[in-house]
Amino acid sequence: MTLEDFTEFGDREGDGGGDADAASAESGGTEGGNDEPVDDGGGATDGGGAIAEDSAAPDDEFAAYDVEPTGEDAGLGVVSVSQGLRVAEDAEETTLKAFVTAGNREAVRLGKYLLIPYPDGERLFCRITGLEYAQEFRSDDATEIHARRQMRRDDFAERDYKFMAELEPMSVVYGEGDEMKRRMTDRVPKPGAVVEEASDDAEIKTGLKIPEDGVFLGHLSVGGEKVRTAAEPPTVDYRVKDDYADGDPLAFRHTLVAGGTGSGKTHASKNVLRQYLDADRTYPTGDGRESRMAVVQFDPQDEYAQMHDDNADLDADFSRRLDREGIAHGGHDDTVALVPRAANATYPGEGHRAERVEFTIPFSLARDMPWLVAGSGLNENQYLALLTLLNRFFRDYGDSGTYSQFLSYLDDPALKEELDESGRVHEATFDAVKRRVRGVPGGIFDQDAKPITELDHTLVRPGGLSVVPTYHLPTSRQKEIVVLAVAGLLVDDKLSNDPDSDRIEETPLLIGMDEAHNFLADADTVQARKVVQKFTEAAKQGRKERLGLFLITQDPQDVAESVFKQVNTKIVLNLGDEDAISSVNIPANLAGKVPYMEKGQMVVYSPDNSEPVELIGLSECVTRHD
């Protein structure tokens, strides 16, 4: 037989077992040559030895079994030990991975919060930090054949691959009576433990250390999607501690809102400030009383006085939802626009219906704030000379002395000669100070309006919002003088042992400063250092004096470091500048998301409040916002 003769075996239809059938026929169909037919248990036979059909005999058929698993799959997958299972004090040495089953893979995202049970009922709260496919079977898919085969396919076989989620343990959550608590991760889960998506509001808040009560900022999210729970409402609200139960309210430990143009930072800031103005929010005072917060907001774009008015786009359903979640909303009636008067400048104020009160900056404030008239570029000797001149001027003119009178005072040649001959102020230094003082724009001091020093009860009102607009002022230097003069007045009375205004000293106060980088920049000039020094001191003593700073900026890298490092709560919206993102010093995993965040998305980094989290703010402003 030649090689090709092997094709005869099993290749033609009907050939299978042909030779065996022939042998059987030769023997007459009997065993050992016996003429009697053989019954092998398969049923009756006919006289010719053929097996007769018997429909009542099912023994030839395989029995059918139910191969579907009983019950239902729970969770996303299971803890895997094949690639290491280790929990360590050093996060770099921790290895915790979960195998995700095929049907759950599309729902898994980086940052998603998960729970892994321990046998005794405690649960490990963790989040996904990495996702990867691994080969189920050893093969080389980096080949021409494999690539072209895949290019011709329309489907993808999930079961051909392992899908692994790398997890970061965050805390262990457990029940103690009716209360849920958390502690640091100190246990390793069992191999094969079921990994579930965190879906209980209380467990999520406990795992992330989010307070149950406080000032509402937004809803917890992952990758731009709100975290959903089985509760009603299904979202997880994020709040900032605002009582003295676990330390000082975080309002008095300062807040920074950072975001680029169009990121929604003004929208978000209005929503937060409105919560501090809620009628039910009070703070204890030094004499044992409870007082509402006063908010003074410096406004470079004439937007915050709109908080007096309702948002016409806030429909009834959205309002009811806010009520259910305990979120203050609606225009704040006790809103006053305190408008700085300036020569040749008119405040339009067409965008709101708040009350308007004009004021002026009295030159007498320069006695305690000489940097108001320092111009720019004064060195230390020149600044000391300015102090000497101001002290002599107010000694001679009293607090009624005006800016124009001070300019005339500096024109006196006898004064210049006297100070030079006495060695107190060199004539060259005198001339340099005179030039700087004359460089300060006129028309902002001593205008025809009530001095701000006489409006302390209007400026600071428990439960009241005072907005100081500067949009209408023609020069940036005038805007700077107004903001620093009014803010300095508030800070001085808050920190002084002998304040000029008891109202300011006794009322819990939040100072909001938009475009804060313009006023609190870290600069080399002596006057800039004095300003930063004053606000650094205010930031340090804020918790004791019930004084909070609420800084809003698109250039956080320009805010003086000494002020910046006193800020506890950072709310970061979309920022496109790498230096700006780096300066806010948020965890790297969240910093990487900042350039891609949509309007209203934010990262909150508040170490004394919670773990760093991603939030989505309210889609609507709770007050008017044009």
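Predicted model only: the values in this text are computed from it and were never measured.

### Quick word on the overall build of the chain
Regarding its fold elements, the chain presents 16 helices and 23 strands. Accessible surface for the chain amounts to roughly 31800 Å². Of this, 44% is attributable to carbon and sulfur atoms.

### Focus on the pairing of strand E8 (residues 215-222)
Where burial is concerned, most of E8 is hidden: eight out of the eight residues are buried. In terms of strand pairing, E8 meets strand E10 (residues 237-240) through four bridges, oriented antiparallel. Across the sheet, the residue bridging to Phe 216 is Arg 239, located in E10. When E8 meets strand E23 (residues 613-616), the two strands line up antiparallel, connected through three bridges. In the sheet register, His 219 faces E23, and the bridge partner there is Ile 616.

### Section: the environment of Arg 86
Its place among the elements puts Arg 86 in the loop between strand E1 (77-80) and strand E2 (97-100). Among the residues examined, Arg 86 registers a relative accessible area of 43% and is labelled partly exposed. When the C-alpha atoms of Arg 86 and Lys 97 are compared, they prove to be 9.4 Å apart, with 11 residues separating the residues in sequence. Setting aside residues up to four positions removed in sequence, Arg 86 forms contacts with Glu 93, Thr 94, Thr 95 and Leu 96. In terms of polar contacts, Arg 86 uses its side chain to reach the backbone carbonyl oxygen of Glu 93, at 3.1 Å.

### Focus on the confidence of the model for the chain
Summary statistics for the chain give a mean pLDDT of 88 and a share of 88% for residues scoring 70 or more. This stretch, residues 1-55, has a pLDDT under 50; its non-local contacts, to residues over four places away or in other chains, come to 14 contacts.

### Quick word on the environment of Ala 538
Here Ala 538 lies in helix H13 (residues 526-545). Taking relative accessible area as the criterion, Ala 538 reaches 0% and is therefore assigned buried. Put simply, Ala 538 and Asp 492 are 46 residues apart on the chain and 8.6 Å apart in space, counted from C-alpha to C-alpha. Contact partners of Ala 538, with chain neighbours within four places excluded, come to His 254, Val 491, Leu 495 and Leu 547.

### Thoughts on the pattern of salt bridges
Counting across every chain of the model gives 37 salt bridges. Among the charged side chains, a network of salt bridges with common partners joins Asp 120, Glu 122, Arg 183, Asp 186 and Arg 187.

### So, the pairing of strand E15 (residues 335-340)
Taking burial as the measure, the six residues of E15 include six buried ones, the bulk of the element. Here E15 pairs with strand E18 (residues 465-469) via three bridges, running parallel. Opposite Val 336, over in E18, you have Ser 466 as the bridge partner. Sheet topology places E15 next to strand E16 (residues 355-360); five bridges connect them, and they run parallel.

### Thoughts on the packing of aromatic side chains
Applying the stated criterion across every chain, the model contains 15 aromatic pairs. Aromatic pair Phe 363 and Phe 445: ring centres 5.6 Å apart, planes at 90°, arrangement edge-to-face. One end of the pair, Phe 363, is in the loop between E16 and helix H6 (380-397); the other, Phe 445, is in the loop between helix H9 (427-438) and strand E17 (450-451), and 82 residues separate them in sequence. These aromatic residues form a ring-pair network of at least three members: Phe 363, Phe 393, Phe 394, Tyr 397, Tyr 403, Phe 406, Tyr 409 and Phe 445. The ring of Tyr 118 has Arg 187 sitting right over it, with the charged end atom 4.1 Å from the ring centre.

### Focus on the packing of helix H11 (residues 476-495) against H13
Viewed as axis vectors pointing N to C, H11 and H13 meet at an angle of 45°, and their least axial separation amounts to 10 Å. When the interaxial angle is binned, H11 and H13 end up oblique. In the packing of H11 onto H13, the handedness of the crossing is left-handed. Across from Leu 484, Ala 487, Gly 488, Val 491, Asp 492, Lys 494 and Leu 495 in H11, the residues of H13 making contact are Val 531, Lys 534, Phe 535, Glu 537, Ala 538, Gln 541 and Glu 545. Across the contact of H11 with H13, the residue classes break down as seven nonpolar, two polar and five charged.

### Considerations on the side chain of Arg 477
Locating Arg 477 in the fold gives a position in helix H11. Only 2.6 Å separates the side chain of Arg 477 from the side chain of Glu 480, close enough to count as a polar contact. The residues contacting Arg 477, other than those within four sequence positions of it, are Trp 371, Leu 372, Val 373, Ala 374, Gly 375, Val 440 and Pro 441.

### Some thoughts on H13
Helix length check: H13, at 20 residues, gives a terminal C-alpha distance of 27 Å against a target of 28 Å (1.5 Å per residue), a fit within 8%. In H13, a bend of some 35° at Ala 539 exceeds every other bend along the element. Once H13 ends, the next one or two residues include Arg 546, with phi positive near 55°.

### Overview of the packing of helix H8 (residues 413-421) against H9
Remark: H8 packs on H9, axes separated minimally by 9 Å, with the N-to-C direction vectors making an angle of 135°. In terms of axis orientation, H8 runs oblique to H9. In contact with Leu 415, Lys 416, Leu 419 and Asp 420 of H8, H9 contributes Glu 427, Phe 430 and Asp 431. Taken together, the residues of the contact of H8 with H9 break down into three nonpolar, no polar and four charged.

### Points about the nonpolar core
Within soluble globular proteins, side chains that are nonpolar tend to cluster in buried spots. Counting 90 residues, the largest nonpolar core has Phe 363, Phe 406 and Phe 445 as the members making the most contacts within it. Contact partners of Phe 363, with chain neighbours within four places excluded, come to Val 373, Leu 390, Phe 393, Phe 394, Gly 401, Thr 402, Tyr 403, Phe 406, Phe 445 and Asp 446. Ranked by size, the runner-up nonpolar core spans 46 residues in total, among them Leu 115, Leu 217, Phe 252 and Ala 337.

### Focus on unusual backbone geometry
Here the amide bond leading from Glu 232 into Pro 233 is cis, since omega sits at 0°, within 30 degrees of zero. Summarising the element assignment, Pro 233 is placed in the loop between strand E9 (225-226) and E10. Phi angles above zero are rare outside glycine, and Glu 515 is one such case at about 50°. Counting through the fold element by element, Glu 515 comes out in the loop between strand E19 (509-514) and H13.

### Some words on the environment of Thr 453
Inspection of the secondary structure puts Thr 453 in the loop between E17 and helix H10 (456-459). Note on Thr 453: relative accessible area 36%, which makes it partly exposed. Residues contacting Thr 453, with those up to four places away along its chain left out, are Pro 362, Leu 365 and Leu 489.

What counts and how
Each residue is numbered by its place in its chain's sequence as written, counting from 1. Local features in a predicted model are, by the rule used here, given only for residues with pLDDT of at least 70; side-chain atom pairs are given and counted only at 80 or more, and totals for whole chains, interfaces and linings are based on all residues. Think of the side-chain values as coming from all heavy atoms in the structure, minus any hydrogens and water. In this description a helix means any DSSP run of H or I spanning at least four residues, a strand means any run of E spanning at least two, and both kinds are numbered starting from the N terminus. Areas reported as accessible are Shrake-Rupley estimates using a 1.4 Å probe. Residue values count occlusion only from the protein chains shown. Burial classes follow relative accessibility: with a 1.4 Å probe on protein chains only, a residue under 20% of its type's maximum area counts as buried, one over 50% as exposed, and anything between as partly exposed. Whether two strands pair comes down to DSSP finding at least two bridges between them. For this analysis, residues touch if any pair of their heavy atoms sits within 4.5 Å. Here a polar contact is taken to be a pair of N or O atoms separated by no more than 3.5 Å, where protein atoms must pair a possible hydrogen donor with a possible acceptor and residues adjacent in sequence count only if both atoms sit in side chains. pLDDT measures how confident the predictor is about each residue, on a scale from 0 to 100. Only one rule defines a salt bridge in this text: a Lys or Arg side-chain nitrogen within 4 Å of an Asp or Glu carboxyl oxygen. Any two rings among Phe, Tyr and Trp, with Trp reduced to its six-membered ring, count as a pair given centres within 6.5 Å; such a pair is stacked if its planes are under 30 degrees apart, edge-to-face if over 60, and tilted if neither. A ring is scored as having a charge over it whenever the NZ atom of a lysine or the CZ atom of an arginine sits within 6 Å of its centre and within 35 degrees of its normal. Axis lines are fitted to C-alpha atoms, over the contacting stretch for helices. Their N-to-C directions set the angle, which ranges from 0 to 180 degrees. An angle counts as roughly parallel when it lies under 35 degrees, as roughly antiparallel when it exceeds 145, as roughly perpendicular when it falls between 65 and 115, and as oblique in every other case. Handedness of a crossing is defined here by the sense of rotation of the near helix relative to the far one, left-handed for an anticlockwise turn of less than a right angle and right-handed for a clockwise turn. Each residue receives one of three labels: charged for Asp, Glu, Lys and Arg, nonpolar for Ala, Val, Leu, Ile, Met, Phe, Trp, Tyr, Cys and Pro, and polar for the others, Gly being one of them. Given a helix with a known number of residues, its expected span is that number minus one, times 1.5 Å. Bend at a given residue is defined as the angle between two axes, one fitted to the seven residues that end at that position and one fitted to the seven that begin there. Take the buried Ala, Val, Leu, Ile, Met, Phe, Trp, Tyr and Cys residues and link them wherever side-chain atoms come within 4.5 Å; each set so joined is a nonpolar core.

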